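Structural characterization, general
Below are the chains, spelled out letter by letter.
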Amino acid sequence: MIIIDGRESAHSLANYANLEEVLVKIMEEDSMEQRIVTDVLVDGESFSELYPHQAEDIEAADIGSVEVRTVSVEQMAADVAEELPKVIDIMASGSRRSAALLRAFELQEGLEVLQDIISVSRDLLNTIHVLRSNYSPATSTELDALGDTLGDLLGEVGDAMENEDWILVADLIEYEYLPACEGWRTIIDAIASDIPKSKAA
């Protein structure tokens, strides 16, 4: 039995050699064009590949049921946009912590936190760029300006680190990086409002 979003499919597991063939066939259906798979359950148990093409090694004859759960692209985008402010909260908290550690000359921990913040910043910007390009091109001027600000700021942080001026690094993080983070909230709100409200679940 094959179940897609709670509805039994007309396809039969007997027509396939392995789980990978089943999943490929499901994703080829027209109805899946604007949908993203969130869960795959095999015989009621959550399945995710531990290595590439693991699904190919699972014979269809050994499977009783496959259930695929999906959401619309719009729903996924809305969910991501809803979570982004929480990411900014984490970045802001980490920034304050890193600045405090650097001012206390607890350099190893302070720099580790700073590295995490920079990594999260890059991921956040990439995510915002994807959402912007798909749903909210009007926000591009503001986003590009914030991206330039972040690039310049990271350059200043790098120079200060080379000079081992940890107080300056802390000041840049707390007094320039944090306000930049807050600026992203406005852009995220604008993008979220542009994502279609008719979000098919």
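Structure's up top.
Side note on a negative patch on the surface
Negative charge collects at one region of the surface, where Asp148, Asp152, Glu156, Asp159, Glu162 and Glu176 lie side by side. Ranked by residues supplied to the negative patch, first place goes to helix α4 (residues 140-162) with 5 residues. Structurally, the position occupied by glutamate 176 is in helix α5 (residues 166-194). The class for glutamate 176 is partly exposed, based on a relative accessible area of 38%.

Observations concerning the side chain of glutamine 54
As for its position among the elements, glutamine 54 is in the loop between β4 (45-46) and β5 (66-72). There is a polar contact of 2.6 Å between the side chain of glutamine 54 and the backbone nitrogen of leucine 50. Here glutamine 54 is in contact with Phe47, Ser48 and Glu49, once residues within four sequence places are set aside.

A few points about the packing of helix α2 (residues 73-103) against α5
Helices that pack against each other are described as a pair by the angle of their axes relative to one another and the distance between those axes. Their axes nearest at 9 Å, the elements α2 and α5 cross at an angle of 175 degrees. Here α2 lies roughly antiparallel to α5, going by the angle between them. Here the contact of α2 with α5 is built from residues that sort into 20 nonpolar, 2 polar and 7 charged.

Things to note about the environment of alanine 170
Structurally, the position occupied by alanine 170 is in helix α5. Ignoring sequence-local partners within four residues, the contact set of alanine 170 consists of Ala99, Leu102 and Arg103.

Some thoughts on the sheet that holds β4
Pairing between sheet strands relies on hydrogen bonds along the backbone, with the strands arranged either parallel or antiparallel. Overall, mixed pairing links the 5 strands, which are arranged β2-β1-β5-β3-β4 in an open sheet. Both edges of this open sheet fall to β2 (7-8) and β4, since each of them pairs with a single strand only. Pairing of strand β1 (residues 2-4) with β2 involves 2 bridges; the strand directions are antiparallel. If you follow isoleucine 4 over to β2, its bridge partner there is arginine 7. Across the sheet, helix α1 (residues 19-28) touches β1, β3 (35-42) and β5, and the angle it forms with β5 is around 30 degrees. The strands touched by α2 are β3 and β5; relative to β5, the strand with the most contacts, the crossing angle is about 70 degrees.

Structural notes on the packing of α2 against helix α3 (residues 107-135)
The contact between α2 and α3 brings their axes to 9 Å, and the two run at 155 degrees. With respect to α3, the axis of α2 lies roughly antiparallel. Classified by chirality, the crossing of α3 by α2 is left-handed. The residue inventory of the contact of α2 with α3, partitioned by class, reads 20 nonpolar, 6 polar and 3 charged.

Some thoughts on α1
Leu19, Glu20, Val22, Leu23 and Ile26 are the residues of α1 that are buried. In a view along the axis of α1, the buried residues occupy a sector of 160 degrees, so they form one face of it. The N-capping residue of α1, defined by a side-chain oxygen 3.1 Å from the backbone nitrogen of glutamate 20, is asparagine 18.

Criteria and cut-off values
Residues numbered from 1 in each chain as written. Predicted model: local features only at pLDDT ≥ 70, side-chain atom pairs only at ≥ 80, totals over all residues. Heavy atoms only, no water. Patch = residues over 30% accessible without salt bridge, like charges linked within 9 Å, V, L, I, M, F, W, Y side chains within 5 Å. Areas by Shrake-Rupley, 256 points an atom, 1.4 Å probe, with all protein chains shown as cover. Salt bridge = Lys/Arg side-chain N within 4 Å of Asp/Glu carboxyl O. Lys, Arg positive; Asp, Glu negative; His and termini not counted. Charge placed at Lys NZ, Arg CZ, Asp CG, Glu CD. Helix = DSSP H or I, 4+ residues; strand = E, 2+ residues; numbered from the N terminus. Buried < 20%, exposed > 50% of the residue type's maximum accessible area, 1.4 Å probe, protein only. Polar contact = N/O pair within 3.5 Å; in protein donor to acceptor, adjacent residues only side chain to side chain. Contact = heavy atoms within 4.5 Å. Axes fitted to C-alpha atoms, helices over the stretch in contact; angles between N-to-C directions. Parallel < 35°, antiparallel > 145°, perpendicular 65-115°, else oblique. Nonpolar A, V, L, I, M, F, W, Y, C, P; charged D, E, K, R; others polar. Pairing = 2+ DSSP bridges. Left-handed = near helix turned anticlockwise from the far one by under 90°. Arc of directions from axis to C-beta.

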